[in-house]
Amino acid sequence: MHGLIGRAIQNFVHDTYGPETWLQIVGVAAVPMTEFEPLKIYSDDVADKVLDAVALCLERPREEILEDMGLYLVAHPNCATVRRLLRFGGDTFLHFLHSLNELPDRVRLAVSDLDLPELDLREHYAGNLTLTVFDGPHGFGHVLVGLLRAMADDFGALVMLEHMGRNQSAETLQVQLLEVDYAQGRAFQFAGDGTAP
Amino acid sequence: MTRFSQAALDALMPMHVVIGPTGHIVSAGPTISRLCAQGNFVGRRLAEVFELRKPQVHDARMDSLRALAGERLLLQLRQAPRTQFKGILVPAVGDASLLLNLSFGIGAMAAVQDHDLNNADFAPTDLTIEMLYLHEAKRVLDGEFRRVNARLESSRDKAHFQAMTDALTGLRNRRAMEAELALAIEARTHFSLFQVDLDLFKQINDTLGHAAGDRVLEVAAKRMLANTRDVDIVTRVGGDEFVILGIGLIERDRLAKFATELISDLERPIDFEGQDCHISASIGFTISTIYKSPDADQMMADADAALYAVKRAGRGHALVFDPKQHGADIVTAAE
């Protein structure tokens, strides 16, 4: 598992529930470190152990936590760079949705050893789409639900999102795009604000 | 002959310019038009708007331009912010017009910033957006690298500090003392070197235990620091052995006074769980100025020789190394 994934989990817990909760979780998970190094590769079971510990300590189902994490990755001020990089996918929410097919390649372009599961977006008829995650870590689809919900807000689009469950190694999300210009989205300039992340 | 509308050209090449037979710009794509502060490039001569940087052509008449068809061009906006472009020029069919297509090339980041461009300003086939994305991702990773580096540096500093420090007393250790001594010699600093052995320490360890011994060492270290200045270097080099470098301290009278006062201070009883511990100290020292060229090992050995002379003579006082007598010059007796 790439350290950036671990770091995302750590930052989510740290920024949402505070440093003490994070230390408690690391203790419960019995993993051999208190912080993830973002540029290091960890064994695959570390994320699972940590996520189990998060669910245990927060007394909430893992799916809910993963969805919150997806929201956090886009909407939290500390994740401004993630949101910006995602906004490069397209200038409307629909364009952005279609860019998800190339998200793993896009991520690999930036961080060559960060492998995301393959994604397949299909538009069945106007505004009715499914997103399938192949061979992803268990619950990756729930992270995407939160992430897409936050991105829809960002674009000002009104959507309904539902996790349809896991079938063998694939997770499927149903996306209903109800209105593309439901609300004023957040501004996005390619030029950025010039400040280093 | 197939022809395409202006709208088609705009969609395919939002950064194109059509140059009419007279050398004037007759139309320009939507993105390139956004870069013109004066409103429009149309109607102006190409050479008025752009400077041809490569290949350099001094007279930009149509004949010279036409000769550049198919070549890799480098152009620059004449007005600020003097944006650079890559370009290619092709002749039209039917009349003497030329079609010039431009792109930002490697300067895309600055151009996007300067002209506040967005997704819609680039053709879908243009990879500039991907370049901007990569640039931004790289900035994020640069930040991570810097943070990782800072963390490594601070752990290295910490490890270095620990490697140079005696954990019990907080004084610097033998390794640090050797480094400081080498540094003082290299910098040709004048200094004195004291070997300080605690007397009666072993008895305290044996009778009252290691906790009492540790307490005595801690207090002794504090008293040595209190009797020295900030510039001096106080180190614990072994169990009950200390070395002090008196930086700039070379007058015999002052050295003798310092050594006497230190021994008296160390002889004050040390409280351990309500019990008084009594120690003393033997000190042998030498001075860098008595050597033609001071040598660390030699100075350590000479201070040691003086120290052993003190111990043979009954401990509890200080003695300076005497090159003639090998340590007979008793400067102070503290008893």
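Everything discussed here concerns the structure shown above.
Everything numeric here is computed off the predicted structure, so don't read it as measured data.

### Thoughts on the overall build of chain A
In step 1: Along chain A, the regular secondary structure elements total 8 helices and 4 strands.
In step 2: Counting from the amino terminus, helix and strand elements in chain A follow one another as α-α-α-α-α-α-α-β-β-α-β-β.
In step 3: Within chain A, the fraction of its 197 residues that count as buried is 50%.
In step 4: Intrachain contacts of chain A at a sequence separation of at least 6 include 60% that bridge at least 24 residues.
In step 5: Carbon and sulfur atoms make up 53% of the accessible area of chain A, which amounts to about 9500 Å² in all.

### So, the nonpolar core
In step 1: In this structure, Val 50, Phe 93 and Leu 148 of chain A together with Ile 32 and Phe 50 of chain B are the most contacted members of the largest nonpolar core, which totals 100 residues.
In step 2: Here the element with the most residues in this core is helix H8 (residues 140-155) of chain A; it accounts for 10 residues.
In step 3: The contact partners of Ile 32 of chain B, leaving out residues within four places of it in the chain, are Pro 14, Met 15, His 16, Val 17, Phe 41, Phe 50, Phe 85 and Leu 102 of chain B.
In step 4: Counting residues in hydrophobic clusters, the runner-up holds 33 residues, among them Phe 194, Phe 201, Ile 279 and Ile 283 of chain B.

### Overview of the packing of helix H5 (residues 108-115) of chain B against helix H6 (residues 128-163) of chain B
All names here are of chain B.
In step 1: Two numbers describe how H5 lies on H6: the axes approach to 10 Å, and their chain directions differ by 95°. With respect to H6, the axis of H5 lies roughly perpendicular. Residues Ala 108, Met 109 and Val 112 of H5 form the contact with H6, whose own contacting residues are Thr 128, Met 131, Leu 132 and His 135.
In step 2: Taken together, the residues of the contact of H5 with H6 break down into 5 nonpolar, 2 polar and no charged.

### What about the environment of Thr 130 of chain A?
All names here are of chain A.
In step 1: Among the structural elements, Thr 130 can be located in strand S2 (residues 128-134).
In step 2: Assessed through its relative accessible area of 16%, Thr 130 is described here as buried.
In step 3: Between the alpha carbons of Thr 130 and Thr 172 there is a distance of 6.8 Å; along the sequence they are 42 residues apart.
In step 4: In this structure Thr 130 touches Asp 120, Leu 121, Arg 122, His 124, Thr 172 and Leu 173, once residues within four positions along its chain are discounted.

### What about the pattern of salt bridges?
All names here are of chain A.
In step 1: Tallied over the entire structure, the rule returns 35 salt bridges over all chains.
In step 2: Here Asp 52 ties to Arg 62 by a salt bridge, and the two come within 2.7 Å at their closest N and O atoms. One end of the pair, Asp 52, is in helix H3 (residues 45-58); the other, Arg 62, is in helix H4 (residues 62-75), and 10 residues separate them in sequence.
In step 3: Taking the shortest distance from any N to any O, the salt bridge between Arg 60 and Glu 64 comes out at 3.0 Å.
In step 4: Linked through salt bridges whose partners overlap, the residues forming this network are Arg 83, Arg 87, Asp 154 and Arg 186.

### Quick word on the packing of helix H5 (residues 80-87) of chain A against H6 of chain B
In step 1: Look at H5 of chain A against H6 of chain B: their axes get within 10 Å of each other, and the N-to-C directions meet at 165°. In terms of their interaxial angle, H5 of chain A and H6 of chain B are classed as roughly antiparallel. The hand of the H5 of chain A/H6 of chain B crossing is left-handed. Residue-level contacts link Thr 81, Arg 84 and Leu 85 of chain A of H5 of chain A to Tyr 133, Glu 136, Ala 137 and Val 140 of chain B of H6 of chain B.
In step 2: When grouped by side-chain class, the residues that make up the contact of H5 of chain A with H6 of chain B number 4 nonpolar, 1 polar and 2 charged.

### Here we look at the interface of chain B and chain A
In step 1: Contact residues are listed per partner, giving 21 residues for chain B and 25 residues for chain A.
In step 2: Summed over both partners, the interface of chain B with chain A buries about 2200 Å², with 60% contributed by carbon and sulfur atoms.
In step 3: Area buried by chain B at its contact with chain A is led by Tyr 133, Glu 136 and Arg 139 of chain B, which between them contribute 27% of it.
In step 4: At the junction of chain B with chain A, the criterion picks out 3 salt bridges.
In step 5: Between Arg 151 of chain B and Glu 37 of chain A there is a salt bridge, and its shortest N-O distance comes to 2.8 Å.

### Concerning the pairing of strand S4 (residues 73-77) of chain B
Residue and element names in this part refer to chain B.
In step 1: Of all 5 residues in S4, 4 are buried; the element is thus mostly enclosed.
In step 2: Pairing between strand S3 (residues 50-54) and S4: 4 bridges, direction antiparallel. Opposite Leu 52, over in S4, you have Leu 75 as the bridge partner.
In step 3: Where S4 meets strand S5 (residues 84-91), 4 bridges bridge the pair, whose relative direction is antiparallel. Bridge pairing links Gln 76 to Gln 84 in S5.
In step 4: In this antiparallel pair of consecutive strands, S4 and S5, the connection spans 6 residues, and Arg 82 shows a positive phi of 50°.

### With respect to the packing of aromatic side chains
In step 1: For the structure shown, the criterion picks out 14 aromatic pairs over all chains.
In step 2: Measuring from ring centre to ring centre gives 6.0 Å for Phe 93 of chain A and Phe 155 of chain A, while their planes differ by 55°; the resulting arrangement is tilted. With Phe 93 of chain A in helix H6 (residues 93-99) and Phe 155 of chain A in helix H8, this residue pair connects regions lying 62 residues apart in the sequence. Accessibility assignment for this pair places Phe 93 of chain A and Phe 155 of chain A in one class, buried.
In step 3: Ring pairing ties together the aromatic residues Phe 41, Phe 50, Phe 85, Phe 104 and Phe 122 of chain B, which thus form one cluster.
In step 4: Above the face of the Phe 155 of chain A ring, Arg 87 of chain A is positioned so that its terminal group lies 4.1 Å from the ring centre.

### Some thoughts on the sheet that holds S3 of chain B
All names here are of chain B.
In step 1: Read from one edge to the other, the open sheet built from 6 strands follows the order S2-S1-S6-S5-S4-S3, with strand pairing classed as antiparallel. Each edge of the sheet is formed by a strand with only one pairing partner; in this case those strands are strand S2 (25-28) and S3. Neighbouring strand axes in the sheet, compared pairwise and without regard to direction, differ in orientation by 30° on average.

### With respect to the sheet that holds strand S3 (residues 158-167) of chain A
Residues and elements named next belong to chain A.
In step 1: Taking strand neighbours across the sheet as the criterion, the 4 strands line up as S1-S2-S4-S3 in an open arrangement whose pairing is antiparallel. Unpaired on one side and paired on the other, strand S1 (118-125) and S3 mark the two borders of the sheet. Here the average twist between neighbouring strands, direction ignored, is 20°.
In step 2: Here S2 pairs with strand S4 (residues 170-179) via 7 bridges, running antiparallel. Among the inter-strand pairings, Phe 134 is bridged to a residue of S4, identified as Ala 170.

### A closer look at H5 of chain B
Residue and element names in this part refer to chain B.
In step 1: Buried residues of H5: Ala 108, Ala 111, Val 112 and His 115, and no others. Taken end-on, H5 shows its buried residues confined to a sector of 100°, consistent with a single buried face.
In step 2: Of the surrounding secondary structure, the elements contacted by the buried residues of H5 are helix H2 (30-34) and H6.
In step 3: Just downstream of H5 lies Asp 116, where phi reads positive at about 50°.

Parameters at a glance
- Residues numbered from 1 in each chain as written.
- Chains lettered and ligands numbered in written order.
- Predicted model: local features only at pLDDT ≥ 70, side-chain atom pairs only at ≥ 80, totals over all residues.
- Heavy atoms only, no water.
- Helix = DSSP H or I, 4+ residues; strand = E, 2+ residues; numbered from the N terminus.
- Buried < 20%, exposed > 50% of the residue type's maximum accessible area, 1.4 Å probe, protein only.
- Contact = heavy atoms within 4.5 Å.
- Areas by Shrake-Rupley, 256 points an atom, 1.4 Å probe, with all protein chains shown as cover.
- Core = buried A, V, L, I, M, F, W, Y, C linked by side-chain atoms within 4.5 Å.
- Axes fitted to C-alpha atoms, helices over the stretch in contact; angles between N-to-C directions.
- Parallel < 35°, antiparallel > 145°, perpendicular 65-115°, else oblique.
- Nonpolar A, V, L, I, M, F, W, Y, C, P; charged D, E, K, R; others polar.
- Salt bridge = Lys/Arg side-chain N within 4 Å of Asp/Glu carboxyl O.
- Left-handed = near helix turned anticlockwise from the far one by under 90°.
- Buried area = accessible area lost by both parts, 1.4 Å probe.
- Pairing = 2+ DSSP bridges.
- Phe/Tyr/Trp six-rings, centres within 6.5 Å; stacked < 30°, edge-to-face > 60°.
- Lys NZ or Arg CZ within 6 Å of the ring centre and 35° of its normal.
- Arc of directions from axis to C-beta.

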